[in-house]
Amino acid sequence: MKTNRLSQTLTDALNAQMTKEAHASQIYLSYGAWASSKGFGGVANFLFRHAQEERNHMMKVLEYILRRGGEVVVIAIPAPPDHPATLYECFESVFTHEVGNTKSIHSLVKMSFQEEDWATWNFLQWFVKEQVEEETFAMNLLDKFRIAGGTKVSGETLYELDKDLGKTNGEAISAQKVTAEKP
Ligand code: OFO
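Note that the structure is a prediction, hence the values are computed from the model and not measured. (Residues numbered from 1 in each chain as written. Predicted model: local features only at pLDDT ≥ 70, side-chain atom pairs only at ≥ 80, totals over all residues. Heavy atoms only, no water.)

## Overview of the confidence of the model for the chain
The predicted coordinates ought not to be read in detail in places where the model reports low pLDDT. Formally: The predictor reports its confidence for every residue as pLDDT, a score running from 0 up to 100. Here a strand is any run of E in DSSP of at least two residues, a helix any run of H or I of at least four, and the numbering for each starts at the N terminus. The criterion used for residue contact is that any of the two residues' heavy atoms lie within 4.5 Å.
When pLDDT is averaged across the chain, the result is 89; 91% of the residues are at 70 or more. The weakest mean pLDDT in the chain belongs to helix 5 (residues 155-166) at 79; the strongest belongs to helix 1 (residues 8-37) at 97. When the criterion is pLDDT under 50, residues 170-176 qualifies, and its contacts beyond four places in sequence or with other chains add up to 10 contacts.

Written out as structure tokens, the structure is:
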């Protein structure tokens, strides 16, 4: 008896999304290491925490595929892009990446809608909301930079920004503890 509740199309797309989340995690890990090596400990703290969040997202998708009786296919994660040249470029790249991931989530939502797979559609709403939060956060960071002079931002402002981001929680919570309220 067939117990798989996911179509092959959605299984493939969800597996691809799982890899995308893992890729995002590698990007933030790499950017975090770069920021740390440049002396931006606060930014590094934020990016490392974000790397763990992306890993948690990956686990959320993986667990969902399994829960629906689908087959999880783990493949190689593409390498992260080159290091950014500046902190401004780093956050521009973070924003661009988040927008790309949002598009990917939206196309999954569309697919689940077309298939009338309401369980998957419902599962994906958490990600829709999460992407809004992540895009807003990245947008706000870029706005701060722009107000402070864009690429010509002063050392003092960079210092303040680094301190601000350093205050975000550096404790990564395990995937099992991830909830819709606490990603
Ligand atoms: Fe997984 O939320 Fe960002 O990319």
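From this point, the discussion proceeds with the structure in view.
## Here's the deal with the environment of A138
Among the structural elements, A138 can be located in helix 4 (residues 118-147). Between the C-alpha atoms of A138 and E98, which are 40 residues apart in sequence, the distance is 8.2 Å.

## Structural notes on unusual backbone geometry
Of note in the backbone geometry, E116 takes a positive phi value of approximately 55° without being a glycine. Tracing the backbone through its elements, the reader meets E116 in the loop between helix 3 (87-115) and helix 4.

## Looking at helix 4
Filter applied, for reference: Take the residue count of a helix, subtract one, and multiply by 1.5 Å to get its expected span.
The end-to-end C-alpha distance of helix 4 is 43 Å, a good match for the 44 Å that 30 residues give at a rise of 1.5 Å each. Of the residues trailing helix 4, G149 is marked for its positive phi of about 115°.

## Comments concerning the packing of helix 1 against helix 3
To keep it simple, the criterion reads: Orientation is described by axes fitted as lines to C-alpha atoms, over the contacting stretch for helices, and by angles from 0 to 180 degrees between their N-to-C directions. Every angle not falling under 35 degrees, over 145, or within 65 to 115 is termed oblique; those three ranges are roughly parallel, roughly antiparallel and roughly perpendicular. Each residue is assigned to one of three groups, with Ala, Val, Leu, Ile, Met, Phe, Trp, Tyr, Cys and Pro labelled nonpolar, Asp, Glu, Lys and Arg labelled charged, and all others, Gly among them, labelled polar.
Here helix 1 crosses helix 3 at 170°, and the two axes come no closer than 11 Å. As far as their axial angle goes, helix 3 and helix 1 are roughly antiparallel. Across the contact of helix 1 with helix 3, the residue classes break down as 14 nonpolar, eight polar and four charged.

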